[in-house]
2 protein chains.
Amino acid sequence: MDIKTIVNKVNKEIPEFIEGYGEVKPYAGPFATIPEGRKYAPLKAFSKPGDTKLVDSISEAIQKCGLKDGMTISFHHHLRNGDYILNMVMDEIAKLGIKDINIVCSSLTKAHEPLIEHIKSGVVTGIGTSGLRGEIAKEISKHNILGKPVIFRTHGGRARAIEAGEVKIDVAFIAAPACDKMGNMNGSEGKSSFGAMGYPMVDAEYADKVVAITDNLMPFPLKKISIPMTLVDYVVEVESIGDPELIGTGATRMTKNPQELLIAEKASDVLIASGYIQNGFSFQAGSGGSSLAVCKFLKEYMKKNNIKGSFGAGGITSTMVNLLEEGYFEALLDTQTFDSAAAESLRRNPNHIEMSASMYANPHNKACSAHQLDVMILSATEIDTDFNINSLTGSTGMIMGALGGAPDTAAGAKLTVVVAPTMRKRIPIVTDKVTNIVTPGETVDVLVTERGICVNPRRTDLIEKFEAAGIKLKSIEQLKNEVEKLTGTPERVELTDNIVAVIEYRDGTVIDVVKQVKE
Amino acid sequence: MDIKTIVNKVNKEIPEFIEGYGEVKPYAGPFATIPEGRKYAPLKAFSKPGDTKLVDSISEAIQKCGLKDGMTISFHHHLRNGDYILNMVMDEIAKLGIKDINIVCSSLTKAHEPLIEHIKSGVVTGIGTSGLRGEIAKEISKHNILGKPVIFRTHGGRARAIEAGEVKIDVAFIAAPACDKMGNMNGSEGKSSFGAMGYPMVDAEYADKVVAITDNLMPFPLKKISIPMTLVDYVVEVESIGDPELIGTGATRMTKNPQELLIAEKASDVLIASGYIQNGFSFQAGSGGSSLAVCKFLKEYMKKNNIKGSFGAGGITSTMVNLLEEGYFEALLDTQTFDSAAAESLRRNPNHIEMSASMYANPHNKACSAHQLDVMILSATEIDTDFNINSLTGSTGMIMGALGGAPDTAAGAKLTVVVAPTMRKRIPIVTDKVTNIVTPGETVDVLVTERGICVNPRRTDLIEKFEAAGIKLKSIEQLKNEVEKLTGTPERVELTDNIVAVIEYRDGTVIDVVKQVKE
């Protein structure tokens, strides 16, 4: 077969057309895509006095929405490992005999493994998501069970794609920890409270039909409204929408691992020497041990030097909430909340501000929080000598992670610092070529590891500042060689030609594809 | 000239096509229009790090927005008689030599009389508004200075028309009592605080360009966000956006007028006898003496009978705020705030909920507050024996009022009560045919005057209840005849054939036209 390919700006050779995805717009640089024309237009609707939105079951809601073979539905993953909604809805769809459904999720977690059966039975034939882990990821990576590519989008890219009409949602299913009979909802009241509703705020605006699924039907009108009744078609009451205890598992606890703490301390030195940590600076740290531990060291510096930041952003953890409450930041901008203490903060603290995923990171509206960031701390599964980051696949070629908001915030922040150990299970993190590129190197400034700090040569300003501050630097090639002396040169994984996933950059161009792993 | 006409459902004969307006869809009943297709799609945009939105002057903002001859711009009237923004912007537009501008306002007040000169000079050639009073109204009514019809829309109808793309806003100018450098805004902080931002919330979502004009530039990020930065192009800082002291002039004070109090007391008896005043009932009262005084009597009844309402809605006055704070209502839904105490309540009381004009009253989304109302109290300039209400023109034919949310809430509420004196300056209020129909009689249930109470014959259920409660009723014809014995039969005003205004019903159909008064 004669497939024409193109080489994109991160030197990835990609087919011009991918079966099951379509025509490829190659990645051309972080701000190279200037959008034209108009967004997608939501459906006109109609309401009259006496309308009722309450239906008896998820099945009834699905039927009233007119869900049919071939349609696209959406979910959000704020309940993460504790989410019940996706499985409940997919089981009902399967029971109704509906097939060929494209699901567009903000992310998928191990809670969603029953999807495997729905894929195998043809109920689900398309997946868009930010991340994929565990058994579903394995089945996709090894056995290509979907038979066409999963489309990975960043949090900002997903909002953009929905607003642009590249993803047209027929029915959005929304887990609502608090909801009234007309569909006003919030995510921060009730037994299944998870905090901010950043992702479905976008879905609700653009989906043809919107179903709120709640285990906490509150009196009308709900007072804290994250998604208004103007956008909601049906409300279903169920016993439980999920287990909020499983939201934060692991990812958001403060680390005691000495290596992670060492990396965090070095990263903190880098931040301080960069000159960005000044009154009014803004900050985001992903979840993950070293990333969160940076906050601990940063706080000490801020205290000593009487520095107060403007906002902390992103997925919000209780670590960030503590910094807000202790006065180290003026405000938090939150699109996804990572633990119950942070959800409680969103409920009661007016300085803890909920934002949609579009306000968080969509590059194609008139401003986003990601573009206002001074400092961003990221983690990575791999980083290459061009500073390209992989956070989606492992060196095994297996899908095991997510894009999240990393490409969005790296592009936006004045200083993007990657914190990572140099090896995991004797597999080096720094490599010649990452298995897949998720965040392009030109948006990444510094790598901090336990064995040394490397600065992207593009940032001569930072190199000067760090050297002046006495911070020892290594070239990333040097670090790679050092590590490879300990681990040996890693073997390249063998891949087939089958494309099991397309990785979209936040602007909708294709930055990379994931190929099926050869067994 | 052979102009084809049609007779609409309130028996008004209207041309099929109106020059300067276009094709007429005749009013066909309050819920007869089922919309089809999609809403208007906002422009795609683009942002990158380091973008700045602050510009030095209104003139610079106008130029950066690319405002040109023939475009449509929008304003909102939350500052009412104290608004400086419209005049400031129009003066700059005139100075720049831009002509043929269509302005779409949520309403116009006497603060906007400088518009007359801009109309005469050809800077302004189109007006859409909810209301028109004073000199501008006189110039339109008597001299047709615009030369084409003003388009009157209800608050819900304006939101609908913008969302439907019937009104395409090129540039929205928004008065922002609190704004940050990226354009996050609210209306309830700062020296010019006016409260809810219900109208421009819609404009900002759909306008191609959005300019925030503020006299209170706050640190980024603003914490209370009514309109987010995602929708805003430019921010201009000025010395003052208006005089908030002039927001509430007169309209919202509790009356001491004995006749108004008498009408209010009778209206309260009607409400109580209707059976709608029960735990969980919802309520809206327009501004105006009798209307607000109803709250006073209602409160006594609620206290005595231990009744707690669910929500009060609409334009919110301190009278409603007191009812909220004293526990008579659970919540307020607010699209426009009528005094500073109410604005302060919106700022600090989480049970005082801001809503967009679309959530307030747009009939073509998935729910609106107006359709959830149990009881609505309206005032009127005229009411006819079919219970049709005029609140826009006087019996002189002169434009002197507004549509406001009256047609929206009358259609939505289970019980719509009109409170009015039987005559003003010896001109009877009850008449055979109102000069113009704004709110159709089939959505109006009861008229309460100082001389008697009339029930729409359609509401046999209410007639039974009122008679059972010992409330004396009159037929509206009887009341009209009684009053005319005192005032004499009013002379009909002489009108020309020139249409100076089109009155749209909330669904975009034409319910009536206003003709030029013969001098």
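Residues numbered from 1 in each chain as written. Chains lettered and ligands numbered in written order. Predicted model: local features only at pLDDT ≥ 70, side-chain atom pairs only at ≥ 80, totals over all residues. Heavy atoms only, no water.

- Where an unreviewed UniProt entry is consulted, chain A appears under the name Citrate lyase alpha chain, with the organism given as Fusobacterium hominis.

**Concerning the pairing of strand 23 (residues 415-419) of chain A**
For a regular strand, the rule is simple: side chains alternate between the two faces of the sheet.
Residue and element names in this part refer to chain A.
Okay, so step 1: Among the five residues in strand 23, five count as buried, and that is most of the element.
Okay, so step 2: Here strand 20 (residues 375-378) pairs with strand 23 via four bridges, running parallel. From the neighbouring strand, Leu378 faces strand 23, where its bridge partner is Val418.
Okay, so step 3: In the sheet, strand 23 pairs with strand 27 (residues 446-449) via three bridges, with the strands oriented parallel. (Buried < 20%, exposed > 50% of the residue type's maximum accessible area, 1.4 Å probe, protein only. Helix = DSSP H or I, 4+ residues; strand = E, 2+ residues; numbered from the N terminus. Pairing = 2+ DSSP bridges.)

**Side note on the nonpolar core**
Okay, so step 1: The biggest cluster of nonpolar side chains holds 86 residues, and the ones touching the most others in it are Ile73, Phe75, Met90, Ile93, Ile103 and Ile399 of chain A.
Okay, so step 2: Among the elements that take part in this core, strand 10 (residues 171-176) of chain A stands out by supplying six residues, more than any other.
Okay, so step 3: Two domains each donate at least three residues to this core, and these are domain 1 (48-247) and domain 2 (258-493) of chain A.
Okay, so step 4: The contacts of Ile103 of chain A, once residues within four sequence positions are left out, are Ile73, Phe75, Leu86, Met90, Leu115, Val124, Gly126, Ile127 and Gly128 of chain A.
Okay, so step 5: With 85 residues, the next largest nonpolar core counts Ile58, Ala137, Ile162 and Ala212 of chain B among its residues. (Core = buried A, V, L, I, M, F, W, Y, C linked by side-chain atoms within 4.5 Å. Domains from an automatic or database assignment. Contact = heavy atoms within 4.5 Å.)

**Regarding the domain arrangement of chain A**
Residue and element names in this part refer to chain A.
Okay, so step 1: The domains assigned to chain A are domain 1 (48-247) and domain 2 (258-493).
Okay, so step 2: For domain 1 and domain 2, the distance between their C-alpha centres works out to 29 Å.
Okay, so step 3: Contacts between domain 1 and domain 2 engage 35 residues on the former and 30 residues on the latter.
Okay, so step 4: If you look at where domain 1 meets domain 2, you find zero salt bridges. (Salt bridge = Lys/Arg side-chain N within 4 Å of Asp/Glu carboxyl O.)

**Description of the sheet that holds strand 22 (residues 389-390) of chain B**
Residues and elements named next belong to chain B.
Okay, so step 1: Pairing within the open sheet is mixed, and its three strands lie in the order 22-21-26. Each edge of the sheet is formed by a strand with only one pairing partner; in this case those strands are strand 22 and strand 26 (430-431).
Okay, so step 2: Inspection of the sheet shows strand 21 (residues 382-384) paired to strand 26 by two bridges, in the parallel sense. The residue bridging Asp384 from the neighbouring strand is Thr431, located in strand 26.

**What to know about the sheet that holds strand 14 (residues 217-218) of chain B**
All names here are of chain B.
Okay, so step 1: With mixed pairing, three strands are arranged side by side in an open sheet as 12-11-14. Each edge of the sheet is formed by a strand with only one pairing partner; in this case those strands are strand 12 (185-186) and strand 14.
Okay, so step 2: Where strand 11 (residues 178-180) meets strand 12, two bridges bridge the pair, whose relative direction is antiparallel. The partner of Cys179 across the bridge, within strand 12, is Met185.

**Some details on the pattern of salt bridges**
Residues and elements named next belong to chain A.
Okay, so step 1: Summed over all chains, the structure comprises 62 salt bridges over all chains.
Okay, so step 2: Put simply, Arg348 and Glu344 hold a salt bridge, and the shortest N to O gap is 3.6 Å. Of this pair, Arg348 and Glu344 both sit in helix 10 (residues 340-348), four residues apart, which is roughly one turn of the helix.
Okay, so step 3: A relative accessible area of 43% places Arg348 in the partly exposed class.
Okay, so step 4: Linked by salt bridges that have partners in common, Arg153, Arg160, Glu166 and Glu504 make up one network.

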